[in-house]
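Letter by letter, the chains look like this.
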Amino acid sequence: MNARATTPSPISHLADPTLVRSFAYINGRWQAAGDGAAFAVTNPADGSFLGEVASLSGDESARAVDAAHAAFRRWSALLPQERAKILKRWHQLIVDNREDLSILMTLEQGKPISEARGEMDYAVSFIEFYAEEAKRANIQSVTSHLPDAEMELWMEPVGVAALITPWNFPSAMITRKAAAALAAGCTVVVHPAKETPYSALALAELAERAGFPAGVFNVVTGDAPVICGPWMEDARVRAVSFTGSTPIGKLLYRQSADTVKRMVLELGGHAPFILFADADLDRAVDEAIKAKFATSGEDCLAVNRFFIERPVYDQFCARFAERVRQLTVGNGMDDPDIGPLMNEGAVLKQEDHVADALAKGAELLTGGARHALGPLFYQPTVLKNVSADAKIMREETFGPVAAIVPFDTEEDVITRANATEYGLVAYVHCGDARRVYRLSRALQFGMVAVNRTKVTGAPIPFGGMKQSGLGREGANAGMRAFMDIKYVCRDWADYAQN
Ligand code: NAP
């Protein structure tokens, strides 16, 4: 029996089933692949089939740039207030459909439903923020250094922007980029991850209802190199904003060189969590759980390395492991603490990092194996006394495995925390304000969270140092990434004659 043909997909049970779209969205139309090609989307919790989504060709993908390029002149010429009105309608439609969008996300991505709802709230916050920010981009005047000239700086949208997004935040990574680009006056072509196309296509459906003109917002589904390759070669694509792994980010950076595109790269992380003995231990344990296990550990902000000052090391390890043993694991629709991982590769990585750490002398406090619930579930795991040369101390684990080591001095922990090619976020728990200041200065990370975990939001510039990326998303900086500065210098003589 063909399960695909006989079992109704759970996504057909949404309150508004018309949010479920299976074709790409190009130039205001829903488009199947010319050759009928499609790829399957499955629920990572149980492997069940959710549906098939169109897999377009390179030529079809290039048509999305044609459409975005053609739409750019009129979209960029609109008053920012007009663009803001459409963005606000999109915002409201997403708010109105929050529950359906959250369910869709949990079904295709696996994350616990309350986390999916939280992601939707985070996703819409960028649209609201940039609808307002759109009105504040221009104009700056310059105090002239020439006696006979008047000077202005104009912020102008760069043109077509390509947005390439990952599966771990299937909606927020799109709105964080798209709202900024659209507010700036750019038009966009979006490629969502193959695991989570439905969330992206539902956002396109709501963008259409919000009234974005044809060609302004396009979503193209299919094999990533096939879809994104033509965009990277196309000189009309003036900016690329990518969130995903560091190797693919580097590839796109190289590919963009020939046409000198603007780049925003939000890449991997390898966050340190540094706990000093004078911190509030109860609070630190609470925050450590959040900082490690949110999004089932599949989060660029997730802690990869716990550095604990020696006087509280054993106590922290015991209390943290006890809390981890209590975490619930299950199907995201049942709202556990931890859902399934995204794919087999993710599970293999947990197994590899745990086996490697144990072989190098680590001690297992809890977990350490696949979970009985199914092939994509992995037990929340805690390792202590992990060797500095273990993979988990150098590579992004991207899953529910925590590695803990002790430290003795401030200088030593700063050196070890910075000993990574990544530099996205660092967490510091400490009761001494002067030490907090010194660490905040010394840590080579784009974001430093002190005595708390949640630090992100639309008004802050999110991004990393070193190989965690380039540029920032959110805040005014996020919109400026999609704008060029034009400097205009006018000679006073022309005005003086009149
Ligand atoms: P990924 O494999 O790099 O994929 C990200 C996106 O790139 C997907 O749309 C993917 O499409 C596409 N892609 C893959 N190969 C490509 C190619 N050759 N050319 C053009 N596009 C290509 O990353 P992921 O596994 O989805 O996401 C996990 C990574 O994202 C982690 O490293 C995490 O740290 C990072 N991340 C960073 C942030 C941040 O803000 N810094 C936020 C979230 C996640 P397909 O899915 O179709 O292959």
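What counts as what
Residues numbered from 1 in each chain as written. Predicted model: local features only at pLDDT ≥ 70, side-chain atom pairs only at ≥ 80, totals over all residues. Heavy atoms only, no water. Domains from an automatic or database assignment. Contact = heavy atoms within 4.5 Å. Buried area = accessible area lost by both parts, 1.4 Å probe. Salt bridge = Lys/Arg side-chain N within 4 Å of Asp/Glu carboxyl O. Polar contact = N/O pair within 3.5 Å; in protein donor to acceptor, adjacent residues only side chain to side chain. Near = heavy atom within 4 Å. Areas by Shrake-Rupley, 256 points an atom, 1.4 Å probe, with all protein chains shown as cover. Helix = DSSP H or I, 4+ residues; strand = E, 2+ residues; numbered from the N terminus. Nonpolar A, V, L, I, M, F, W, Y, C, P; charged D, E, K, R; others polar. Buried < 20%, exposed > 50% of the residue type's maximum accessible area, 1.4 Å probe, protein only. Phe/Tyr/Trp six-rings, centres within 6.5 Å; stacked < 30°, edge-to-face > 60°. Pairing = 2+ DSSP bridges. Axes fitted to C-alpha atoms, helices over the stretch in contact; angles between N-to-C directions.

Enquirer: Explain the domain arrangement of the chain to me, using residue names and the numbers behind them.
Expert: Along its sequence, the chain is organised into domain 1 (3-268 + 464-485) and domain 2 (271-421 + 425-450). Here the C-alpha centre of domain 2 lies 31 Å away from the C-alpha centre of domain 1. With 25 residues of domain 1 in contact, the opposing surface of domain 2 contributes 29 residues. In total, domain 1 and domain 2 occlude about 2100 Å² of area from one another, counting both sides; carbon and sulfur atoms represent 60% of this. Counting the contacts that link domain 1 with domain 2 gives 0 salt bridges. Between domain 1 and domain 2 we count 9 residue pairs in polar contact (both at pLDDT 80 or more) in total.

Enquirer: Could you give an account of the site of the ligand, naming the residues involved and the relevant values?
Expert: Around the ligand, 30 residues are found, and the nearest of them are Thr 165, Lys 194, Ser 245, Leu 267 and Glu 396. At a separation of 3.3 Å, an oxygen atom of the ligand approaches a polar backbone atom of Gly 244. Within the side chain of Glu 396, an N or O atom sits 2.5 Å from an oxygen atom of the ligand. Across the complex, the protein chains shield 89% of the 900 Å² of accessible surface that the ligand would expose by itself. Within the residue set of the shell around the ligand, elements represented by two or more residues are helix 8 (224-233), strand 10 (237-243) and helix 9 (246-256). Looking at side-chain class alone, the shell around the ligand contains 17 nonpolar, 8 polar and 5 charged residues.

Enquirer: For the pattern of salt bridges, give the residues involved together with the corresponding values.
Expert: Any two side chains of opposite charge can pair, so long as their charged atoms come close to each other. Going through the model one piece at a time under the given rule, you end up with 34 salt bridges. One salt bridge connects Lys 85 with Glu 82, and the closest N-O pair in it is separated by 3.3 Å. Here the residue Lys 85 and the residue Glu 82 both occupy positions in helix 3 (residues 80-96), the gap between them amounting to 3 residues, near one helical turn. Assessed through its relative accessible area of 46%, Lys 85 is described here as partly exposed. A relative accessible area of 32% places Glu 82 in the partly exposed class.

Enquirer: Please give an account of the packing of aromatic side chains that cites residues and values.
Expert: Per the counting criterion, the structure on display carries 16 aromatic pairs. Between Phe 273 and Tyr 427 the ring centres are 6.4 Å apart and the planes differ by 35°, which places this aromatic pair in the tilted class. Note that Phe 273 is positioned in strand 12 (residues 271-275) and Tyr 427 in strand 17 (residues 425-429), a separation of 154 residues in sequence. Of the two residues examined, Phe 273 and Tyr 427, each falls in the buried class. Here a set of aromatic residues connected by ring pairs shows up, and it is made of Phe 273, Phe 293, Phe 306, Phe 316, Phe 320 and Tyr 427.

Enquirer: So, the environment of Ala 202: which residues are in play, and what are the values?
Expert: Within the secondary structure layout, Ala 202 lies in helix 7 (residues 197-210). Remark: the alpha-carbon pair of Ala 202 and Val 20, spanning 182 residues in sequence, is separated by 6.1 Å. Sequence-distant contacts of Ala 202, that is, excluding residues within four places in its chain, are made with Leu 19, Leu 101 and Leu 104.

Enquirer: If you had to explain the sheet that holds strand 14 (residues 363-366) to someone new, which residues and values would you point to?
Expert: Within the open sheet, the 7 strands sit side by side as 14-15-16-13-12-17-18. Their pairing is mixed. In this open sheet, the two strands that pair with only one neighbour each are strand 14 and strand 18 (447-450). Neighbour-to-neighbour, the strand axes of this sheet turn through a mean angle of 25°, independent of strand direction. In the sheet, strand 14 pairs with strand 15 (residues 381-384) via 3 bridges, with the strands oriented antiparallel. In the strand pairing of strand 15, Leu 364 is matched with Leu 383. Relative to the sheet, helix 12 (residues 344-359) contacts strand 14, strand 15 and strand 16 (401-407), its axis offset from that of strand 15 by approximately 25°.

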